Amino acid sequence: MDELPYIDTLFKEYLLFRGFTQTLRVFESERAGDRVAGFQVKRIVQLIFQVYIPQFDHEKLLALLDFLSQRVFARLGSKFQHSTQKLELSVLRYY
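Residues numbered from 1 in each chain as written. Predicted model: local features only at pLDDT ≥ 70, side-chain atom pairs only at ≥ 80, totals over all residues. Heavy atoms only, no water.

Take the packing of aromatic side chains next. Under the criterion given, the structure shown has 3 aromatic pairs. Between Phe49 and Tyr94 the ring centres are 5.4 Å apart and the planes differ by 65°, which places this aromatic pair in the edge-to-face class. Of this pair, Phe49 sits in helix 3 (residues 41-52) while Tyr94 sits in helix 5 (residues 81-94); the two residues are 45 residues apart in sequence, bridging distant segments of the chain. The class for Phe49 is partly exposed, based on a relative accessible area of 34%. For Tyr94, a relative accessible area of 57% puts it in the exposed group. When the ring of Phe56 is compared with that of Tyr95, the centres are 6.5 Å apart and the planes differ by 65°; the resulting orientation is edge-to-face. With a gap of 39 residues between them, Phe56 in the loop between helix 3 and helix 4 (58-71) and Tyr95 in the segment after helix 5 connect regions that are remote in the sequence. Accessibility expressed as a relative area gives 61% for Phe56, which makes it exposed. A relative accessible area of 34% means that Tyr95 is categorised as partly exposed. (Phe/Tyr/Trp six-rings, centres within 6.5 Å; stacked < 30°, edge-to-face > 60°. Helix = DSSP H or I, 4+ residues; strand = E, 2+ residues; numbered from the N terminus. Buried < 20%, exposed > 50% of the residue type's maximum accessible area, 1.4 Å probe, protein only.)

Here we take up helix 4. The terminal C-alpha atoms of helix 4 lie 20 Å apart, and with 14 residues this matches the ideal 20 Å at 1.5 Å per residue to within 8%. Of the residues making up helix 4, those classed as buried are Leu61, Leu64, Leu65 and Leu68. End-on, the buried residues of helix 4 take up no more than an arc of 95°, which puts them together on one face. Turned more than 90 degrees away from the buried face of helix 4, the exposed residues are Glu59 and Gln70. Tucked into the core, helix 4 has its buried residues touching helix 3 and helix 5. (Expected span 1.5 Å × (residues − 1). Arc of directions from axis to C-beta. Contact = heavy atoms within 4.5 Å.)

Any functional reading would require information beyond the geometric quantities listed.
In structure tokens form, the structure reads like this:
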């Protein structure tokens, strides 16, 4: 995921080139609250345990877990499937 900052820069340049300044502002604000945090594990864990669970925000927690299951965990090998399911179940039980 080292390519994300480069892609973000290209996208911002495109928005500026086209004159979409308001879209650029919205992109910047949404990027600041990126729920996947560029797939930085530490930020994702902080989001789950310091934001979603303490605020009892089950909708966002379930959406994040679903997103991770479909986009990240599904691409792991079959030998990790049991571990990812156990992780997801443990987070839900903790909630």
